[in-house]
Amino acid sequence: MAKTLPKVTPTFLILFTILSFASFATAGGFSRTLSPAKLGLKREKLSHLHFYFHDIVSGPNQTAVRVAEAPMTNTSLTGFGAVVMIDDPLTARPELTSKHVGRAQGIYASASQTEVGFLMVLNFAFMEGKYNGSTLSVLGRNTVLSAVRELPIVGGSGLFRFARGYAHARTHTFDIGSGDAVVEYNVYVFHY
Ligand SMILES: *[C@@H]1O[C@H](CO)[C@@H](O)[C@H](O)[C@H]1NC(C)=O
Ligand SMILES: *[C@@H]1O[C@H](CO)[C@@H](O)[C@H](O)[C@H]1NC(C)=O
Ligand SMILES: *[C@@H]1O[C@H](CO)[C@@H](O)[C@H](O)[C@H]1NC(C)=O
């Protein structure tokens, strides 16, 4: 037996739409449960990104500047208290002249009194191909004298919405004279 269904008339559709919004509105419109598909989220994937980070602390094209320090920072063996703002280029190869894939924008600050250990709070802002305009957010600890440092990726935007993962950082070159460094990054992230 066929069930009698309400006839789908334009009036019915309008009423249905109003009622759906009304049920959301009764909750004050503050929150609702949503299926991932409704947000266009399909299968979660894992991506590996590889690039080089150029921390230029000297010369006319400086990309990392100290913006704050403590009275004891310059006498501390670890530079404890120094806060550095960066807008560091990210490239596909170790050479600064190689393809630009993005920039690392944010702050690193000397947060350890016993070893050189930075608190890193920054965004990787990508410019390459389909990733142009997408970002990954890093919040982690960077003991720069260790061979490999692991930093958590705590989120992202654009193609990297809902991102989570980690980055492995390895110093590629460090110029003791200038303090400039090139760091190799391998980033592994789950995202949609
Ligand atoms: C600084 O940047 C300018 C413009 O891109 C470039 O011509 C110059 O060679 C750079 N200088 C150094 C020391 O890298
Ligand atoms: C610490 O050293 C930096 C870099 O050499 C310098 O700019 C700054 O003035 C010094 N700060 C103090 C408090 O001596
Ligand atoms: C990235 O996007 C910006 C803004 O939409 C655009 O101006 C720029 O040309 C793009 N860069 C690349 C490499 O696609």
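The following refers to the structure shown. Every value quoted in this text rests on a predicted model; they were computed, and no experiment measured them.

## Remarks on the nonpolar core
Now for step 1: The biggest cluster of nonpolar side chains holds 29 residues, and the ones touching the most others in it are F51, F124, F126, L136, Y185 and V187.
Now for step 2: For this core, the elements supplying multiple residues, two or more each, are β1 (45-55), β3 (83-91), β4 (100-110), β5 (118-126), β6 (135-142), β7 (149-157), β8 (164-174) and β9 (181-191).

## As for the side chain of D88
Now for step 1: Along the chain, D88 turns up in strand β3.
Now for step 2: Although buried, D88 forms no salt bridge, and the nearest oppositely charged side chain, R103, lies 6.6 Å from it.
Now for step 3: Separated by 2.6 Å, the side chains of D88 and T63 make a polar contact.

## Overview of a nonpolar patch on the surface
Now for step 1: Taken together, L119, V121, L139 and V154 make up a surface patch of nonpolar side chains, about 320 Å² in accessible area.
Now for step 2: Counting through the fold element by element, V154 comes out in strand β7.

## Description of the packing of aromatic side chains
Now for step 1: This model, assessed by the stated rule, comprises 11 aromatic pairs.
Now for step 2: Note on F51 and F126: the rings are 5.8 Å apart at their centroids and 70 degrees apart in plane angle, and the pair reads as edge-to-face. A residue pair is termed long-range when its members are at least 10 positions apart, and F51 in strand β1 and F126 in strand β5 qualify at 75 residues. Here F51 and F126 have matching classes, each one buried.

## Structural notes on the site of ligand 2
Now for step 1: The immediate surroundings of ligand 2 are formed by R66, E69 and N74.
Now for step 2: One of the side-chain N or O atoms of N74 is found 2.5 Å from an oxygen atom in ligand 2.

## Observations concerning unusual backbone geometry
With glycine set apart, most residues show a phi of negative sign, and most peptide bonds adopt trans.
Now for step 1: Phi at F162 takes a positive value of approximately 65 degrees, unusual for a residue other than glycine.
Now for step 2: Relative to the elements of secondary structure, F162 occurs in the loop between β7 and β8.

## Focus on the environment of H191
Now for step 1: Inspection of the secondary structure assignment puts H191 in strand β9.
Now for step 2: A relative accessible area of 2% means that H191 is categorised as buried.
Now for step 3: Those residues in contact with H191 that sit more than four places away from it in its chain are R43, E44, K45, S47, L159, F160, R161 and A163.
Now for step 4: A polar contact is formed between the side chain of H191 and the side chain of S47, at a distance of 2.7 Å.

The rules behind these values
- Residues numbered from 1 in each chain as written.
- Chains lettered and ligands numbered in written order.
- Predicted model: local features only at pLDDT ≥ 70, side-chain atom pairs only at ≥ 80, totals over all residues.
- Heavy atoms only, no water.
- Core = buried A, V, L, I, M, F, W, Y, C linked by side-chain atoms within 4.5 Å.
- Buried < 20%, exposed > 50% of the residue type's maximum accessible area, 1.4 Å probe, protein only.
- Helix = DSSP H or I, 4+ residues; strand = E, 2+ residues; numbered from the N terminus.
- Lys, Arg positive; Asp, Glu negative; His and termini not counted.
- Salt bridge = Lys/Arg side-chain N within 4 Å of Asp/Glu carboxyl O.
- Polar contact = N/O pair within 3.5 Å; in protein donor to acceptor, adjacent residues only side chain to side chain.
- Patch = residues over 30% accessible without salt bridge, like charges linked within 9 Å, V, L, I, M, F, W, Y side chains within 5 Å.
- Areas by Shrake-Rupley, 256 points an atom, 1.4 Å probe, with all protein chains shown as cover.
- Phe/Tyr/Trp six-rings, centres within 6.5 Å; stacked < 30°, edge-to-face > 60°.
- Near = heavy atom within 4 Å.
- Contact = heavy atoms within 4.5 Å.

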